[in-house]
Structures are given as C-alpha cells and as structure tokens.
Amino acid sequence: MTQTWSRARIWALIGYAVAAAAMFAAPLYLSDFRLNLLAKFLAFAIVALGLDLIWGYTGILSLGHGVFFGLGGYAMAMHLKLQASGGRMPDFMDWSGLTALPAFWKPFESLGFAFLAGLLIPGVLALILGYVTFRNRIRGVYFTILTQALVIIATTLLIGQQAYTGGTNGITGYSKIAGQSISSPDTKQMLYWVTAIFLVVAFVLCRFLVKSRFGKVLRAIRDGENRVRFIGYNPALYQMTAFAISGVLAGLAGMLFVLHVGIISPSMLGIVPSIEMVLWVAIGGRGTLIGAVLGAVLMNGAKSEISAQYPDAWTFIMGALFIVVVVFLPGGVTGLVERLKFRKRSVSEHEQEAVRHPAV
Amino acid sequence: MKKKKMSIHRTALLMLVLAVGLAACGTSKDEPASTTEGGTTAATGGDTIKVGILHSLSGTMSISEVSVKDAEMMAIEEINAKGGVLGKQIEPVIEDGASDWPTFAEKARKLLSENKVATVFGGWTSASRKAMLPVFEELNGLLWYPVQYEGLESSPNIFYTGATTNQQIVPAVTWLLENRGKKFYLLGSDYVFPRTANKIIKEQLKAEGGELVGEEYTPLGHTDYSTIITKIKEAKPDVVFNTLNGDSNVAFFKQLKDAGITSKDLTTLSVSVAEEEIRGIGADVLTGHLAAWNYYETTDTPQNKTFVENYKKKYGNDRVTADPIEAGYDAVYLWAAAVEKAGSTDVAKVKEAAKGLEWDAPEGKVKIDGATQHLYKTVRIGEVQSGGMFKELWNSGEPVKPDPYLKGYTWAATLSVGN
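All figures in this text were calculated on a predicted structure; none of them were measured in a lab. (Residues numbered from 1 in each chain as written. Chains lettered and ligands numbered in written order. Predicted model: local features only at pLDDT ≥ 70, side-chain atom pairs only at ≥ 80, totals over all residues. Heavy atoms only, no water.)

## Topic: the overall build of chain B
Note the cut-off: For the purposes of this entry, the term helix denotes a DSSP run of H or I that reaches at least four residues, the term strand denotes a run of E that reaches at least two, and both are numbered from the N terminus. Buried means the residue's accessible area, taken with a 1.4 Å probe over protein chains only, is under 20% of the maximum for its type, while exposed means over 50%, and partly exposed covers the values in between. In what follows, a contact means two residues having at least one pair of non-hydrogen atoms within 4.5 Å. Note on areas: Shrake-Rupley with a 1.4 Å probe; residue coverage comes only from the protein chains shown.
Counting its secondary structure elements, chain B contains 13 helices and 17 strands. Looking at chain B as a whole, 62% of its 419 residues are labelled buried. Put simply, 68% of the contacts in chain B that link residues at least 6 apart link residues at least 24 apart. Working note: accessible area of chain B is about 15100 Å², and carbon and sulfur atoms make up 52% of it.

## Here's the deal with the pairing of strand 11 (residues 267-270) of chain B
All names here are of chain B. The cut-off we apply is this: A pair of strands is labelled paired if DSSP reports no fewer than 2 bridges between them. We call a crossover right-handed when, viewed with both strands directed away from the observer, the connection leading from the first strand over the helix to the second proceeds clockwise.
Burial of the side chains of strand 11 extends over both faces: Thr-267 and Leu-269 are buried on one face and Thr-268 and Ser-270 on the other. Of the strand pairs in this sheet, strand 10 (residues 239-243) and strand 11 are connected by four bridges, and their pairing is parallel. In the sheet register, Phe-241 faces strand 11, and the bridge partner there is Leu-269. As a crossover connection, the stretch from strand 10 through helix 8 (residues 247-258) into strand 11 is right-handed.

## As for the domain arrangement of chain B
Residue and element names in this part refer to chain B. Rules: For the domains described, the bounds stem from an automatic or database domain assignment. Computed with a 1.4 Å rolling probe, the buried area is the accessible surface lost when two parts are put together, summed over both parts. Any carboxyl oxygen of Asp or Glu within 4 Å of a side-chain nitrogen of Lys or Arg constitutes a salt bridge here.
Once the domains are mapped, chain B shows domain 1 (2-19 + 31-164 + 301-376) and domain 2 (166-299 + 378-412). Listed by partner, the interface residues are 35 residues for domain 1 and 31 residues for domain 2. Both sides of the domain 1 and domain 2 interface together cover about 2800 Å² of buried area, and 55% of this is carbon and sulfur. The tally of links between domain 1 and domain 2 comes to two salt bridges. Between Lys-401 and Asp-369 there is a salt bridge, with its nearest N and O atoms 3.7 Å apart.

## Brief notes about the pattern of salt bridges
Applying the stated criterion to the full structure yields 31 salt bridges over all chains. For B:Arg319, the salt bridge identified is with B:Asp70, shortest N-O distance 2.7 Å. Within this pair, whereas B:Arg319 is found in the loop between helix 11 (302-315) and helix 12 (323-342), its partner B:Asp70 is found in helix 2 (residues 62-81), the two being separated by 249 residues in sequence. The class of B:Asp70 is buried, set by a relative accessible area of 8%. A salt bridge links B:Glu203 to B:Lys206; the nearest nitrogen and oxygen atoms lie 3.4 Å apart. One end of the pair is B:Glu203 and the other is B:Lys206, both in helix 6 (residues 192-208) and three residues apart, which spans about a single turn. Counted as one network, the salt bridges with shared partners bring together A:Asp312, B:Lys69, B:Asp70 and B:Arg319.

## Description of the packing of aromatic side chains
Aromatic ring pairs are described here by two measures, namely the spacing of the ring centres and the angle between the planes. All names here are of chain B. Condition: Aromatic rings from Phe, Tyr and Trp, with only the six-membered ring used for Trp, were paired whenever their centres fell within 6.5 Å, and each pair was classed as stacked if the ring planes differed by under 30 degrees, edge-to-face if by over 60, and tilted otherwise. Should the NZ of a Lys or the CZ of an Arg lie within 6 Å of a ring centre and within 35 degrees of the ring normal, that charge is described as sitting over the ring.
In the structure shown here, the tally under the stated rule is 32 aromatic pairs over all chains. Here the aromatic rings of Phe-121 and Trp-335 are separated by 6.0 Å at their centres, their planes lie at 85°, and the arrangement is edge-to-face. Of the two residues, Phe-121 is situated in strand 5 (residues 120-122) and Trp-335 in helix 12; the sequence distance between them amounts to 214 residues. Comparing Phe-121 with Trp-335, the two get one shared label, buried. Taking 5.2 Å as the distance between ring centres and 65° as the angle between the ring planes, the aromatic pair formed by Phe-252 and Phe-253 counts as edge-to-face. Members of the aromatic cluster, joined through ring pairs, are Tyr-295, Phe-307, Tyr-311, Tyr-315, Tyr-329, Tyr-333 and Trp-359. Positioned over the ring face of Tyr-145 is Arg-129, at 4.7 Å from the centre of the ring.

## Notes on the confidence of the model for chain B
Residue and element names in this part refer to chain B. Quick reminder of the rule: Per residue, pLDDT measures the predictor's confidence, with a range of 0 to 100.
For chain B, mean pLDDT is 89; residues scoring 70 or higher make up 88% of the total. With pLDDT under 50 throughout, residues 1-6 is counted as low confidence; its partners more than four residues away or in other chains account for eight contacts. Counted against residues more than four places away or in other chains, residues 20-42, with its pLDDT under 50, gives 40 contacts.

## Here's the deal with unusual backbone geometry
Residues and elements named next belong to chain B. Here Leu-86, not a glycine, exhibits a phi torsion of approximately 50°, which is positive. Even without glycine at this site, Leu-406 takes up a positive phi of about 50°. The residue Leu-406 is located in the segment after strand 17 (390-395) in this model.

Here it is in structure tokens:
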C-alpha cells in the first residue's frame, strides 16, 4: 500500500514538474500574441484559485470577485497611467474638468505602493465584507446576493466618478513599467514569467492551506457549519480569513491582467465577468485546485479560439458548452476524470470477480 | 482512496500540459517576420490583401455595430467585384469585440500580429477606440473608426471617418441658439461622450449667449425618465440637447410623449439617434424632433441613391442606412484609394498617400485632413418625419474642416489639452 502511494506521489510530482516546465518554457514555442494570451489566462487562473478556496473548500459562493479583481487592476492601472503621463495629469482627468491630480492618486506614483494597494485594498474590503456578513451568520444565497450588490455599487461608482476613474472607458494607454517600455517583447516575456511565478506561488499557498488544519476546518464548515460551531470553533473567523485571502489573490490577478491586457474598465468588474470566474472553477472542477487552474486556462483558451473561428456564432457555442458541462459533468473536468477512473476500476474488479468465480 | 486521488491529479496535469500545447498549436516561432520597418508585408504576400473587421457582433452594442460591419463588407465586395486593390482581392477577417473593451484590445492585437492584416475597420464606442488605440500605436497598425465622437484625440494610427465635435455638436448648438431659443437643458447617458460633449456645450453657451437651465446624467440602460421629465417641465427650456445612448432613448421619448410634450412644445436635438434608432423607438414618437449628423438616408446625392439601393438589395428592404453605416462604408473606399495611390499597404505610405485624399461619398464630397486624420464633412440638421426618415432643415453648405481640439474657437481654450 505504501509503495503504490509513493509511486502515485512520484507520478504526481513528475506531472507537476512537466506542467511547470511547459508553462515556464512557453516563450520558446509560443508567438508573442499567444504568449500574451496565455499570460492573461494564467492571471485568470490565480482568481480561480482564490474562488475555489472559498467556494470549493468553504462552500461560500461569491459572485462578486470581479470587484476584488478590478480593484487590483485599478491600482496597477493608476500607477501605469501616471508613469505614461510623465508627471502630468492623466488625459481623462483633463477632459473631465480636473485641474490638479487628486491626492489619493499621488502615492500610486510608486510601483511598490501600487502593488501593495492592489493586494491590500481588495483584501481589506473582503475582510470587512466578511466581517459584517459571516459574523451575522449571513450565508448561502443571501451572501451571494450581497456580493452581486457589491458589484453594482463598484461599477456605478467607477462609472459615475469619471474624473477620478476614467468612467466607462476605464484607464488605458500605458508606456512604462519599472522604467522599461511595457510594449517591448523582452518586458512582455519578463511579465509572463512573473505571472507564471505568481501562479505557482498562489497554487503552493492554496495547497498548503487546504492540506493544513485550517483547510480541514474550512471543509468542515462547508459540510456542516453548525457542527463546527458546536465543537467550539468560530466559523466566521475562518470564513473571513479565507474570503480575505481569496480577495488578495483576485487583486493580484487583476494587477497582472492589466499588465498583459493594457486596459482596465468597469466592465471587467461587472456581473458577467464575476459569474464567468465562477464558471471557470465549476467547469474545471471545484474543490480541486488543479481543476480551478485548468478551468480558467481551458475556458478562456476556448473562448479566444472559438470566437476567432466563428465570430457570429461563438456565444451560442460557448453557451452550449456550458450547458453540456453542467448537465453531464457536474464535477467539471476533474470530476470527469474521477468518474472515468472509478468506472474503469469497478469494471476491472468485476472482471476479476468473474475470473475468480466463473459462471457455471 | 489515496491512489484514486493521485490519478486524478495525474490526468488533470496531463490535461494542463495539453492545454498549454493547445495554446501553442497553429503557431510557431519561425513564421515569417511580419513587419519590415514601419509596415506589414505579409498582408500583401499572397493573392489577397487581408483586412480586419472588428465590431461588436454580440452584447449590447451589436444592435448598432452589426449594420456597420454589413456596410464595410458591402464596400469590400464592391471593390473586389471591380478587381480589388493593387490587382488583389480584399479578404476580410472578421472578429467580435463583444461589447467589451479589453476584448477589443485583444482582438486588435490578434488581427495585427496573427492575421497580419493591412488595416482594421472597427469600433463604435469611444471606450472601444480608447482600448484599441495603444495596440495600434504599439504595433504600428492602422484603424478606421467610423462613428462621431467627442474629439480631443488624434492618433497617428487612427483615421476618424465620423464627425468630431465641430462637425456636429458645435454647429448644432449655434443653429439652435439662432433658431429655437437660448435656454438649454442638457440630458445625457453617464459616460465619456455625453460628459465631454456637455462640457463643450456649456462653454459654448457662455460664449454665444445661451443659458443653461439644467443638466442630468442617467446610467447607461436607464429607462425611467418621469422625474427628469418633471424637472424639464419646471425648468422650461427652449431646447433639450440629448446625448442619451441606446435603449434610454426609447424610454425617454415614449415617456415624453406620454407626458403630453410634443415637438411643438419643446425642441429636442439628439446626436445619437439616427435612422436605425428611429426604427427601434418608433417614428410616431419621434416625429418632429431633431438630430444632427453628416448623412441621412434621404441625403440627395447620386452616390447615395446607389448606396441605399445596393444596401437594401443586399440586406433587405426593411433595413435602413444611417450616418455611422455610411462612415464605415466610406472608410473602406478611402483606405482602398490610399493604397492604390501609395502602391502599397505599408502603413506609413498609406498615411502619406491619404493626406488630402478626396472622395465622392454618399454624404457628398469628403476629404482627409492630413494633420488630424479626420474627414472634412458637411454638417446637417434634420427633422424626423412620420415615415422614420429625416428631412434636412439646414446644412453647412460645404464640408467643414475637422478641428478635434477646437483650436479654432477661443471659448474652447480651457478645454483643449494642447496635444
């Protein structure tokens, strides 16, 4: 038994190593455009990990992760826009009637500040939201509705405060990051690797969390919150923490997204992207970290590819795909794998049985 | 138990590797280097010249943008039927911007770097243009943008075939002040075009003796205008200058009519309501209301007669032509003419050849202004008739020189960024 266990473990390690190698070597075999796309998908995979942590492991469905993603994105976008404006006020403020740079924009001149803000603002917001909801035992569908409300508040605010946020257009038109031209192939490759490293770090962190005692409590909360409470744990504390970590990961993903895509707009915080993020996790297979990563990469790859091939009909094809997965693969891609393995094993056990007891 | 779990991991990882491979398929690093100094060569490599068409074919903007795509496709077919450009057929590569600005940026990048198109025709909202702009500047591509917009922009990589403010809004305000009254009420959707437009209008009102009696913004997609109509009644303006977009127009005009206010009681002038939108709102509700554009389906030129005839023959008699549709059609012809003149699809050469290029468009003569890459366009104020078509009340007589930064207006000094 121990032998098969360690063999399986070796296989898993080899698998991860191959996947990581394929990911890190991507600049060698992908064109600049494809690399840019993959970088974006890897950024999405980071949000998916965070979502999986709270939905797959803790049983909290958030349809508001676009907000945390967007806040990270805006933090980075503000920095990049200031860099591109070269000490002057960003163009959209000028045409929206501002005469001086608002005070809250100034610290974003520093990349370090912007980076920290991109992690902490979503994290703290998630913590506050988690505090007021979980402590008051608001959960299930009520919590989900609240997260949707958060999305509407955030987009309305961003669109309404055009002079400070760029309005519907969002913030775009960047030139430099850390002194380097953001559009040069070298910088892009570097940013790709940065994204890949962050994904690995996020993955390892999440894996560590779900394997730890903390992760066990999360799963216990998912399966029976009241029991956990009776045992003496405070579920709210665990839920808040998981939600905040998830928010931080979304913020990180948003920052990386902006670096690769070159624009952030309120539409990225909207209801549709927030739901899409959950769909990636659902399709990849919730409750398995690798499923979340796979879901984000596969679904976005499919979206890019199908929309290029069938520009008139791709939305229908994607819709059909979702329905097929939800109806026939409730456990997502990883769930399918599990089912196949299960069937294979039970068949072979059956056969063995038949051999041992041949029909008379 | 453990074993089962591990195999999940193994297979899942295999799929991850596959996924990465999938992203790689169809591409390789040894594709011919696409760009020589300053221009695309691959676009002209074969027997065809590839061009990109990038509009929203899904999502909220598709209702407007699909018609522009149709007009561009028609222009391409017409040019191909006459032998194409530089003796080659034009091959359109269609992409869906999906009413989502980052998608516009992604697809623009794809068209330029993967399909190596010679040029792209696309966009509708300012947000989509602003999202694509850095991509075109970075990859030195060429974008033809067909919709009237808020000005204050001139990218070296974009040709603007719709009106800028001094070819639509500014002359409309002047005309209204002279013909309909001094008291203005500004109503718009809450995004960059209405806000910028109204900023300009407010300066102009101050300078030309108008009076601002109210200013309201509603979120995109807003449909309840009863409060605003009450406010309008109280403010008693002579003119409502309407920069609402999309569905909001349906709600606003229907509720205005229900409130018993007709075009006889109150002048409204819209800058985002064209023939296509009238079809959606219903001509009965809009009869007598005004709009400012550069082109109407009823514009009386021989070119327009053929254009409208062909468009209806191709896409159905119930379809209408409108300003952005015509501007999209113009864009394809102007690009083709510039390429013929340049003898190449090289971006720098096409831009050079495009300077001062003239063309008899359905709207009348248009000319490319080399300095701003905008068009000289005739301004037209029209009144909606019961059949849903416009009757022209006034036009500028000749094409107006584009002035995106309003440098020719002293009152606009505080607005312009100075580029």
